[in-house]
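# An overview of the molecular structure
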Amino acid sequence: MDVLVTGGNGFIGSHVIDYLIEQGHKPICFDRYGTPHRQDVEFILGDIRDSVSINQAMTYVDGVINLAGILGTSETIDRPLLTVQSNMLGAINIFNACKIQKKKGVHITVGNYFMNNSYAITKNAAENMALLFNKSFGTRIAVVRGLNAYGERQKSKPVRKIVPNIIIPALTNGEVIIYGDGNQLMDMIYVGDLAKILIRALVLEHNCYGKVFEAGNGLELTPTINELVHKIVTKVGSKCKIQNVPMRGGEPERSIVIGDPNTLTPLSWNVRDMVTLDVGTSRTIAWYKENLSLFV
């Protein structure tokens, strides 16, 4: 398939592009800034908020994986309008293009959909809109709830992501910040697994367009933040300091963000196919060690 990857220059998008190529597909990267991480990928500079550019880009492909959007829990609280424009209106532009051109699509949504911040609210609304399009217009837009993805190439800022903000201070013997008491449950998924699930949701004839695929490991394999910090710091052999600070805005105390891997059965995927947290964190630590100069 020829596949448009919106937000293709982002963390997850870069891995989706890699696996599309590995599986014999042709990705076309669509993003509003930056350049692809590899030179053998066609690039379209554009914004999903522009319906004309989305419709034009969609004419060249067989399907779309929508990863574009404004990220951040506390980071989006003071910019709700921009978040709505990108995460909701931009997503609807893609859904409309799928409807008009009769193209398959995949829309990524979030595990913390219940949180009271602009990011979670808008992503949850777009998720429901995709399901509405499928029911009302017969579109084939698969919705994948990506839990807490981690892995190589993830940025530590300006949107704060948990794993790089443990690994980097651990490698530099700095200070690891834990929000709250650290007893939040966070379902962690290696980015390579999430990329493969997103691709399967597009290319397979699963006929599951009325419910959400939950790309996570489930309760049994989900660590607390304290357990995740301990695992990574121990692997690094770090003498870093660990400090607990008050919760950030838009994030509740002791949140539970967990997926149901049983929802992935129509994609011929189960929890045994997941890269374990032990293996995934080892791979990720190794990448940050090699590329530490990019972050310090």
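Model, not experiment: these values are computed from the prediction.

This paragraph deals with the pairing of strand 6 (residues 141–146). Counting buried positions along strand 6 yields 6 of 6 residues, so the element is predominantly enclosed. Alternating positions in strand 6 separate into two faces, I141, V143 and R145 on one and A142, V144 and G146 on the other, with burial throughout. Looking at chain direction, strand 5 (residues 104–110) and strand 6 are connected through 6 bridges and run parallel. When the bridges of strand 6 are listed, V106 appears paired with A142. Relative to strand 11 (residues 212–215), strand 6 runs parallel, the two sharing 4 bridges.

Strand order in the open sheet made by the 7 strands is 3-2-1-4-5-6-11, with parallel pairing throughout. Across the chains shown, the open sheet's two edge strands, defined by having one partner strand only, are strand 3 (42–45) and strand 11. When strand polarity is set aside, the average angle formed by the axes of neighbouring strands in this sheet is 25°. Where strand 4 (residues 63–66) and strand 5 come together, 4 bridges link them in parallel fashion. Bridge assignment links I65 to a residue of strand 5, and that residue is V106. Strand contacts of helix 4 (residues 118–137): strand 5, strand 6 and strand 11, with the helix running at about 150° to strand 5, the strand carrying the most contacts.

This part is about the side chain of N165. For N165, the position within the fold is in helix 5 (residues 164–171). Within the structure, the side chain of N165 is placed 3.4 Å from the side chain of R160, a separation counted as a polar contact. Those residues in contact with N165 that sit more than four places away from it in its chain are S156, R160 and V176.

Here we take up the nonpolar core. One finds I12, V16, V144, L194, I197 and L198 to be the most contacted residues of the largest nonpolar core, which totals 62 residues. Counting residues per element, this core draws most heavily on helix 6 (residues 191–203), at 8 residues. For V144, the contacting residues outside a window of four places in its chain are V106, H107, I108, T109, L194, I197, L198, A201, F213 and A215.

On inspection of all chains with the given rule, the structure shows 14 salt bridges. Two residues, K104 and E205, come together in a salt bridge whose shortest N-O distance is 3.5 Å. In this pair, K104 is assigned in strand 5 and E205 in the loop between helix 6 and strand 11, connecting sequence segments 101 residues apart. Across the salt bridge formed by R145 and E127, the nearest N and O atoms sit 2.7 Å from each other.

For the pair helix 2 (residues 51–58) and helix 3 (residues 80–101), the least separation of the axes is 9 Å and the interaxial angle reads 45°. The pairing of helix 2 with helix 3 is recorded here as oblique in orientation. The two elements helix 2 and helix 3 cross, and the hand of that crossing is right-handed. Here helix 2 contributes S51, I54, N55 and M58 to the contact with helix 3, which in turn contributes N93, I94, A97, C98, I100 and Q101. Residue composition of the contact of helix 2 with helix 3, grouped by class: 6 nonpolar, 4 polar and no charged.

Another aspect to go through is the packing of helix 5 against helix 7 (residues 225–236). Following both chains from N to C, one finds helix 5 and helix 7 inclined at 35°, their axes separated by 10 Å at the closest point. Here helix 5 and helix 7 pass one another in a crossing that is right-handed. Facing helix 5, whose interface residues are I166, I167, A170 and L171, helix 7 presents L228, V229, I232, V233 and V236. The residue makeup of the contact of helix 5 with helix 7, split by class, is 9 nonpolar, no polar and no charged.

Turning next to unusual backbone geometry. In this model, K157 is joined to P158 through a cis peptide bond whose omega is 5°. Within the secondary structure, P158 is located in the loop between strand 7 (148–150) and helix 5. Even without glycine at this site, R254 takes up a positive phi of about 50°. The topology assignment puts R254 in the loop between strand 12 (241–245) and strand 13 (256–257). Judged by relative accessible area, R254 falls into the exposed class, the value being 53%. Even without being a glycine, S268 presents a positive backbone phi close to 55°. Secondary-structure assignment places S268 in the loop between strand 13 and helix 8 (277–290). Judged by its relative accessible area of 56%, S268 falls in the exposed class.

The rules behind these values
Residues numbered from 1 in each chain as written. Predicted model: local features only at pLDDT ≥ 70, side-chain atom pairs only at ≥ 80, totals over all residues. Heavy atoms only, no water. Buried < 20%, exposed > 50% of the residue type's maximum accessible area, 1.4 Å probe, protein only. Helix = DSSP H or I, 4+ residues; strand = E, 2+ residues; numbered from the N terminus. Pairing = 2+ DSSP bridges. Axes fitted to C-alpha atoms, helices over the stretch in contact; angles between N-to-C directions. Contact = heavy atoms within 4.5 Å. Polar contact = N/O pair within 3.5 Å; in protein donor to acceptor, adjacent residues only side chain to side chain. Core = buried A, V, L, I, M, F, W, Y, C linked by side-chain atoms within 4.5 Å. Salt bridge = Lys/Arg side-chain N within 4 Å of Asp/Glu carboxyl O. Parallel < 35°, antiparallel > 145°, perpendicular 65-115°, else oblique. Left-handed = near helix turned anticlockwise from the far one by under 90°. Nonpolar A, V, L, I, M, F, W, Y, C, P; charged D, E, K, R; others polar.

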